[in-house]
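# Residue-level structure breakdown
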Amino acid sequence: MGRNNQTFFQQIVLSGFQVPQSVKIPFFLLLFISYSVALSSNVTILTLVSSSPSLHHPMFFFLSHLSLSDIILTTSIVPTMLHGILRGELSMPIPACITQLQFLGIALTSECFILAVMSYDRYLAICNPFHYISVMDSKFQIWLVVCCWVLSFLISFLTVIFVSKLEFCGFNVINHFFCDFAPLLQLSCSDTSAVELENLVVAIPTTLFPVLFITATYICIFVTILRIPSITGRQKAFSTCSSHLSVVAIFFGTLVALYVVPSNGHSLTANKVLSLLYTVITPLFNPMIYCLRNKEIKAALKKLVRCVCK
C-alpha cells in the first residue's frame, strides 16, 4: 500500500485485559484495592519521612524518593487500566499515549537510579561506617536525588521526542493495558530504526550500570559482613540491607524478564502479567517490605496513628 493511501489516526485503542464478564468486577476490585493500598502505603512513607525527626536519615530520605517514583508509576498506568477493564477497551489520543510513556520512563528510570544510590548508602554505612556521616551529609543526599530525577527526565524526554516525530497509520489497536514503547512503535508507519537505536543506546546503560553498580557494592558489603567476628554483628549488619536487596531483586527481576528475555519467549498474556507486576505489585510490596522489617518506620507509624486518633 502506498504512503498516500494509508489512513492516519489520532486515537490509539488499548485492548487491555480481555476477561470474562463473570470475573470482570472481582478482577477490577482486586486491582483497585491493590492500587489503593500501594498508593496509600507510599504516601504514608512520604508523610512519615517528612514529618518524623527519627526518620531524618539518608536511608529513609532515599526511601521516600523511591516511594515517590512508585507513586508516579502507579498513577500514570493503573487508573487508565482500571477504566479499560470496566469498558472492555480504552481509546487514548496519541499525545496522551506518548505522555503516559514519558511518565512511565521517568518512573522506571528514576527507580533504577535511586536503588543504585540506596546501595551506595548501604555500602558506606557498612563498609565505611566512620566516614558515613561526613560523606553522606544533607547536601550530598540532595545532590544524588536531584541527579537521579534530572537524568530520568532527560532520558525519558529524549525517547519521547523521537517517538513524537513518528506518524501512525493503519491498525490502531495495542494489545496491552498501557502505551508501552514496543507496542507503540509497531503502530507506526514511519521508519522506526532511529527510535529503536536511540532507545537501545540509552536503555541498556540505564539498566545495566545500576545493576552492575549494585552488584559491586553488595559484593563489598557481603565481604565486610563475613569479616565481622560475631554472629549477632553479622545479622545486624545484614538486616540493614536485606530490605533493599529484596526490592532490588523484585524490581530488576521483573524488568529483565519483560524487556531482556526475547519477546517470543513468552506470550502477550505473560507480557501483561509481568507488566502488572512492576506497575501494581512492586509498588505495593516496596513499602510493605520496608515497613515490616524496619523498627524505626513501625515506631513512627504507631506515633502517627496515635496523633491522628487523638
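All values reported here derive from a predicted model rather than from experimental measurement. (Residues numbered from 1 in each chain as written. Predicted model: local features only at pLDDT ≥ 70, side-chain atom pairs only at ≥ 80, totals over all residues. Heavy atoms only, no water.)

Moving on, we come to the packing of aromatic side chains. Counted according to the given criterion, the structure contains twelve aromatic pairs. With a centroid separation of 6.0 Å and 10° between ring planes, the pair formed by Phe 140 and Trp 143 is classed as stacked. Note that Phe 140 and Trp 143 are positioned in helix α5 (residues 138-164) at a spacing of three residues, about one turn of the helix. Linked through ring pairs, Tyr 120, Tyr 123, Phe 140, Trp 143 and Phe 213 together constitute an aromatic cluster. For the cation-ring pair, Lys 272 lies above Phe 17, with the distance from its terminal atom to the ring centre recorded as 6.0 Å. (Phe/Tyr/Trp six-rings, centres within 6.5 Å; stacked < 30°, edge-to-face > 60°. Helix = DSSP H or I, 4+ residues; strand = E, 2+ residues; numbered from the N terminus. Lys NZ or Arg CZ within 6 Å of the ring centre and 35° of its normal.)

What follows covers the state of the cysteines. Scanning the entire structure with this criterion turns up two disulfides. Across the disulfide from Cys 97 sits Cys 179; the S-S distance is 1.6 Å. Linking Cys 97 and Cys 179, the disulfide has an S-S dihedral of approximately -110° and is accordingly described as left-handed. Of the two residues, Cys 97 is situated in helix α3 (residues 94-127) and Cys 179 in the loop between β3 (173-174) and α6 (181-186); the sequence distance between them amounts to 82 residues. (Disulfide = S-S within 2.5 Å.)

What follows covers the pattern of salt bridges. Scanning the entire structure with this criterion turns up one salt bridge. A salt bridge links Arg 122 to Asp 121, with the shortest nitrogen-to-oxygen separation between them at 2.8 Å. By relative accessible area, which is 6% here, Arg 122 ends up buried. For Asp 121, a relative accessible area of 1% corresponds to the buried category. (Salt bridge = Lys/Arg side-chain N within 4 Å of Asp/Glu carboxyl O. Buried < 20%, exposed > 50% of the residue type's maximum accessible area, 1.4 Å probe, protein only.)

Take the environment of Gln 141 next. Assignment of secondary structure puts Gln 141 in helix α5. Linking Gln 141 and Pro 58, residues 83 residues apart in sequence, is a C-alpha distance of 6.8 Å. Setting aside anything within four residues of it in sequence, one finds Gln 141 in contact with Pro 58, Phe 61, Phe 62 and Met 136. (Contact = heavy atoms within 4.5 Å.)

Before going further, it helps to spend a moment on the pairing of strand β2 (residues 90-93). A one-sided burial pattern is seen for β2, the buried positions being Leu 90 and Met 92 and the unburied ones Ser 91 and Pro 93. As defined by bridge partners, strand β1 (residues 11-14) adjoins β2 across four bridges and the pair is classed as antiparallel. Bridging from a neighbouring strand, Leu 14 pairs with Leu 90 of β2. (Pairing = 2+ DSSP bridges.)

UniProt marks residues 25-48, 60-81, 101-120, 140-163, 200-225, 237-261 and 273-292 with the feature "transmembrane region" (unreviewed entry), using the numbering shown here. With 100% helix and 0% strand, the stretch residues 60-81 has end C-alpha atoms that lie 31 Å from each other. Annotated as residues 101-120, this span is 100% helix and 0% strand, and its ends, taken at the C-alpha atoms, are 29 Å apart. (UniProt positions renumbered as here; feature names shortened; annotations may be inferred.)

So, on to the nonpolar core. In this structure, Leu 63, Leu 66, Met 81, Leu 115, Met 118, Tyr 278 and Ile 297 are the most contacted members of the largest nonpolar core, which totals 65 residues. Counting only elements with at least two residues in this core, the list comes to α1 (21-51), α2 (58-87), α3, α5, α7 (193-226), α8 (231-260), α9 (268-293) and α10 (295-309). Not counting chain neighbours up to four residues away, the residues in contact with Ile 297 comprise Leu 48, Leu 55, Phe 60, Leu 63, Tyr 290 and Cys 291. (Core = buried A, V, L, I, M, F, W, Y, C linked by side-chain atoms within 4.5 Å.)

Attention now goes to the sheet that holds β1. Strand pairing in a sheet takes place through backbone hydrogen bonds and is either antiparallel or parallel in direction. With respect to topology, three strands assemble into an open sheet ordered β2-β1-β3, the strand pairing being mixed. Each edge of the open sheet is held by one strand with a lone partner, namely β2 and β3. Sheet contacts for α3: β1 and β2; angle to β2, the most-contacted strand, approximately 90°. (Axes fitted to C-alpha atoms, helices over the stretch in contact; angles between N-to-C directions.)

This paragraph deals with a positive patch on the surface. Together, Lys 236, Lys 295, Lys 298, Lys 302, Lys 303 and Arg 306 line one region of the surface with positive charge. The dominant element in the positive patch, judged by the number of residues it contributes, is α10, at five residues. Residue position: Lys 303 is located in helix α10. Taking the relative accessible area as the measure of exposure, Lys 303 reaches 52% and is therefore exposed. (Patch = residues over 30% accessible without salt bridge, like charges linked within 9 Å, V, L, I, M, F, W, Y side chains within 5 Å. Areas by Shrake-Rupley, 256 points an atom, 1.4 Å probe, with all protein chains shown as cover. Lys, Arg positive; Asp, Glu negative; His and termini not counted. Charge placed at Lys NZ, Arg CZ, Asp CG, Glu CD.)

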